[in-house]
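A closer look at the structure
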Amino acid sequence: MKKKNTGLPAKAIRLPRDREYLDCVRDILRSPEVRRMNQYMQHGNTTCLQHCLNVSYRSYRTCRRLGLNYRSAARAGLLHDLFLYDWHYHYDVTGDAFHGLTHPRKALRNAKKIFALTDMEQNAILRHMWPLTLIPPRYREAYVVIWYDKHCGVLETFHRPVY
């Protein structure tokens, strides 16, 4: 059973009102490929794009407060799930039962086609499913993205506010 996009209008995204954050990710948000993430549901009523924005902004704020590379954390957080399909039906369509293990590499491949990424951004995208994937990240910023990916996912699943 092949499940395609329903053709329903994409949900409105909620952007943080933080000019410095938006300056870090403006080029990403303008990308049509990235905007396509708004067509796919991620957790609960949250689209993939909104989830990535949630992870990105929370990672940005934490890294900024800790004196880490907040720009790379914001950008990696926004691109970490750029796999561009509905993972809820991925197995039915492809027979691939390992989305949790394989989507970081797909997201990284898609992101590298569109953007010039730093090593830190690439590592955070590729390792964001750790510890499910066995190789840990190399950068503290990636651990922040990992934490907020899980944290936001739980809040979104239970329809709780993320920020």
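Residues numbered from 1 in each chain as written. Predicted model: local features only at pLDDT ≥ 70, side-chain atom pairs only at ≥ 80, totals over all residues. Heavy atoms only, no water.

Here we take up the overall build of the chain. Looking only at helices and strands, one finds eight helices and two strands in the chain. The N-to-C order of helical and strand elements in the chain reads α-α-β-β-α-α-α-α-α-α. Split into buried and exposed, the 163 residues of the chain put 50% on the buried side. Of all intrachain contacts in the chain linking residues separated by at least 6 positions in sequence, the fraction that spans at least 24 positions is 64%. Split by element, the accessible area of the chain, about 8,900 Å² in all, is 55% carbon and sulfur. (Helix = DSSP H or I, 4+ residues; strand = E, 2+ residues; numbered from the N terminus. Buried < 20%, exposed > 50% of the residue type's maximum accessible area, 1.4 Å probe, protein only. Contact = heavy atoms within 4.5 Å. Areas by Shrake-Rupley, 256 points an atom, 1.4 Å probe, with all protein chains shown as cover.)

Another point: the packing of helix H1 (residues 19-29) against helix H3 (residues 48-66). In the contact formed by H1 and H3, the axes pass within 11 Å of each other and the chain directions differ by 140°. Handedness of the crossing formed by H1 with H3: right-handed. On H3, the residues that touch Glu-20, Tyr-21, Cys-24, Val-25 and Leu-29 of H1 are Leu-53, Ser-56, Tyr-57, Tyr-60 and Arg-64. For the contact of H1 with H3, the class distribution of residues is seven nonpolar, one polar and two charged. (Axes fitted to C-alpha atoms, helices over the stretch in contact; angles between N-to-C directions. Left-handed = near helix turned anticlockwise from the far one by under 90°. Nonpolar A, V, L, I, M, F, W, Y, C, P; charged D, E, K, R; others polar.)

If you look at the biggest cluster of nonpolar residues, it comprises 29 residues, and the most contacted ones within it are Tyr-21, Val-34, Leu-78, Leu-79 and Ile-125. Among residues more than four places away in sequence, those in contact with Leu-79 are Ile-28, Val-34, Ala-107, Ala-111, Phe-115, Leu-117 and Ile-125. One finds Val-55, Ala-73, Val-145 and Tyr-148 within the second-largest nonpolar core, a separate group that totals 10 residues. (Core = buried A, V, L, I, M, F, W, Y, C linked by side-chain atoms within 4.5 Å.)

Across its 19 residues, H3 extends 27 Å between first and last C-alpha, which sits within 8% of the 27 Å expected from 1.5 Å per residue. Within H3, 14 of the 19 residues are buried, which leaves the element mostly enclosed by the surrounding structure. In the segment just after H3, Gly-67 is the residue with positive phi, at about 75°. (Expected span 1.5 Å × (residues − 1).)

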